[in-house]
Structures are given as structure tokens and as C-alpha cells.
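Read off the chains here:
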Amino acid sequence: MTLKELNEKISQCQKCELCKTRTNVVCGSGNNQAEIMFVGEAPGKKEDEAGLPFIGSAGKILDEMLESIKLKREDVYIANIVKCRPPENRDPKPEEVIMCRDWLNRQIEIIKPKLIVLLGRHSMDRFLPGQKISIDHGKPKRYNGKIYYPVYHPAATLYRRSLLKDLQNDFQRIPTIIEEIKKAGKDEITEG
Ligand code: URA
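Each value, and the rule that gives it
Residues numbered from 1 in each chain as written. Predicted model: local features only at pLDDT ≥ 70, side-chain atom pairs only at ≥ 80, totals over all residues. Heavy atoms only, no water. Pairing = 2+ DSSP bridges. Helix = DSSP H or I, 4+ residues; strand = E, 2+ residues; numbered from the N terminus. Axes fitted to C-alpha atoms, helices over the stretch in contact; angles between N-to-C directions. Parallel < 35°, antiparallel > 145°, perpendicular 65-115°, else oblique. Left-handed = near helix turned anticlockwise from the far one by under 90°. Contact = heavy atoms within 4.5 Å. Nonpolar A, V, L, I, M, F, W, Y, C, P; charged D, E, K, R; others polar. Expected span 1.5 Å × (residues − 1). Buried < 20%, exposed > 50% of the residue type's maximum accessible area, 1.4 Å probe, protein only. Arc of directions from axis to C-beta. Phe/Tyr/Trp six-rings, centres within 6.5 Å; stacked < 30°, edge-to-face > 60°. Lys NZ or Arg CZ within 6 Å of the ring centre and 35° of its normal. Near = heavy atom within 4 Å. Polar contact = N/O pair within 3.5 Å; in protein donor to acceptor, adjacent residues only side chain to side chain. Areas by Shrake-Rupley, 256 points an atom, 1.4 Å probe, with all protein chains shown as cover.

Engineer: Give a description of the sheet that holds strand β6 (residues 146–151) that names residues and reports values.
Structural biologist: With mixed pairing, six strands are arranged side by side in an open sheet as β1-β3-β2-β4-β6-β5. Only two strands of the sheet have a single neighbouring strand rather than two, namely β1 (29–30) and β5 (141–143). Where strand β4 (residues 115–119) lies against β6, four bridges are found, and the strand directions are parallel. Looking at β6, one finds that Val117 is bridged to Tyr149.

Engineer: Outline the packing of helix α3 (residues 57–68) against helix α8 (residues 163–172), listing residues and values.
Structural biologist: At a minimum axis distance of 9 Å, the contact between α3 and α8 shows a crossing angle of 40°. Judged on the interaxial angle alone, α8 and α3 are oblique. Judged by the twist between their axes, the crossing of α3 over α8 is right-handed. Only Leu164, Leu167, Gln168, Phe171 and Gln172 of α8 make contact with α3, whose side of the interface consists of Ile61, Leu62, Met65, Leu66 and Ser68. Its residues assigned to classes, the contact of α3 with α8 shows seven nonpolar, three polar and no charged.

Engineer: Mind laying out α3, listing which residues take part and the relevant values?
Structural biologist: Taking 1.5 Å as the rise per residue, α3 with twelve residues should run 16 Å; its terminal C-alpha atoms sit 17 Å apart, in good agreement. Taken as a whole, α3 has its buried residues at Ala58, Gly59, Ile61, Leu62, Met65 and Leu66. Taken around the axis of α3, the buried residues stretch over an arc of 160°, which confines them to a single face. Those residues of α3 that are exposed and angled more than 90 degrees off the buried face are Lys60 and Glu67. In this structure, the buried side of α3 is in contact with β2 (36–40), β3 (77–80), β4, α7 (156–159) and α8. Residue Lys70 follows α3 closely and has a positive phi angle near 60°.

Engineer: Account for the packing of aromatic side chains, naming residues and giving values.
Structural biologist: Tallying each qualifying case throughout the model produces two aromatic pairs. Plain terms: the ring middles of Phe38 and Phe171 are 5.7 Å apart, the flat faces sit at 10° to each other, and that makes the pair stacked. Remark: Phe171 occurs in helix α8 and Phe38 occurs in strand β2; sequence separation between them is 133 residues. The pair formed by Phe38 and Phe171 is uniform in burial state, with each residue classed as buried. Seen in terms of ring centroids, Phe127 and Tyr148 are 5.1 Å apart; in terms of plane orientation they differ by 35°. Their pairing is tilted. In this pair, Phe127 sits in helix α5 (residues 121–127) while Tyr148 sits in strand β6, placing the two residues 21 residues apart along the sequence. Pair check on accessibility: Phe127 and Tyr148 agree, each one buried. Its guanidinium or amino end placed over the ring of Trp103, Lys15 lies 4.5 Å from that ring's centre, counting from NZ or CZ.

Engineer: Tell me about the site of the ligand, residues and numbers included.
Structural biologist: Neighbouring the ligand are the residues Gly40, Glu41, Ala42, Glu47, Pro53, Phe54, Asn80 and His153. Phe54 has a polar backbone atom sitting 3.0 Å from an oxygen atom of the ligand. In this structure, His153 approaches the ligand through a side-chain N or O atom, which is 2.8 Å from an oxygen atom. For the ligand, whose free accessible area comes to 240 Å², the fraction covered by protein is 90%. Per-class residue counts for the shell around the ligand are three nonpolar, three polar and two charged.

Treat this as a map of the structure, not an account of what it does.
Take a look at the structure:
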């Protein structure tokens, strides 16, 4: 199945309550052969209206971060752990994350990114349970054959300005991490 075909299926999803309140399903956007995939939490109001991920204020920060390492949105793939907007931007419920799990897993299987950047603690929890974002951000982790890289959520830097420097520093390491992965083969990276 192609990513386009999968995303068409995701767009029809009615597995959880969020299908009743959404305007659009936000499957994801970008390069379907991206080396780097970014995974956020869930769409907000703007994303729900447009059907595209990270186009609001958090998206502006994400764009700046990408630009700082000379990447464009078209170079990477951007998705969320939950594809439909939770009403009033509440946190996704555990059952909503579970219902959406398989969709994101299948997107990852098709794209086969070398690195999965986890934006914020909800995304980190989904892939690396038991870690703490304040301690584990900026540390690549190998888990079940994939390499994850947790960083602060761009939106978190809007209400805690002190986190911006951490996010900038963690992004600056991404090109080196990718180089290391390519050099060493997918099972060998320096963790931590
Ligand atoms: N925050 C997210 O986690 N995802 C989006 O798509 C937008 C804001």
C-alpha cells in the first residue's frame, strides 16, 4: 500500500469519538521517503480546519527549527500520534491514542524514516514509555529496531521561553545524528 492509499483510509476513520467533532482528519504531510519523521501530539484548531499538521503558532516554531538545520517541510514528514483534533485542544485520551496507534505505525512502516523525532512528552510516551522529557530530551534512543529522538514540543516553548534554547540545541544535533546513523548502519548509534 502507498502512503497516499493509507492516508485515504485514515481520512475515513471512525474508530473513536473524535470523528464526530473533527472538520478534517490531519493525516500528515511532507516527503513520503523522508529520512526524518516528526511526530507531534494532535491537531489544533487551524490544523483541523486546513487538514494539515503544524500550521499554527507551534508550526511557525517548527518551521524556524527546520530552517536552522537547512531543512524544509518538503524534506521531512510531519505527523501526529492522534489524527483528529480533540475538542477545546484537550489532551488526547488514552483510548484515542490507542485507536490511532496502528495508523501511525503503518505510516512509519511505509516511510521508513532513519530517525523519528518525538515532539513533546505525549509523543515520547507513545513510543518510549517511562521516560521524562526534561531528562531525556536531546538523547537518541534505539527501541524495537527504530531510532527515536525526543525533544520539547514547539508549543511548550511559547509558554516557557527557557525551553527554546534546549529545543534549538537539540535540533542542531539532528544532522550529526543522521550522519552517524548512515555511517554506522541502523543499529549503531551513540545513545545519550
Ligand atoms: N501541535 C501538535 O502537536 N500537532 C499539530 O499538528 C499542531 C500543534
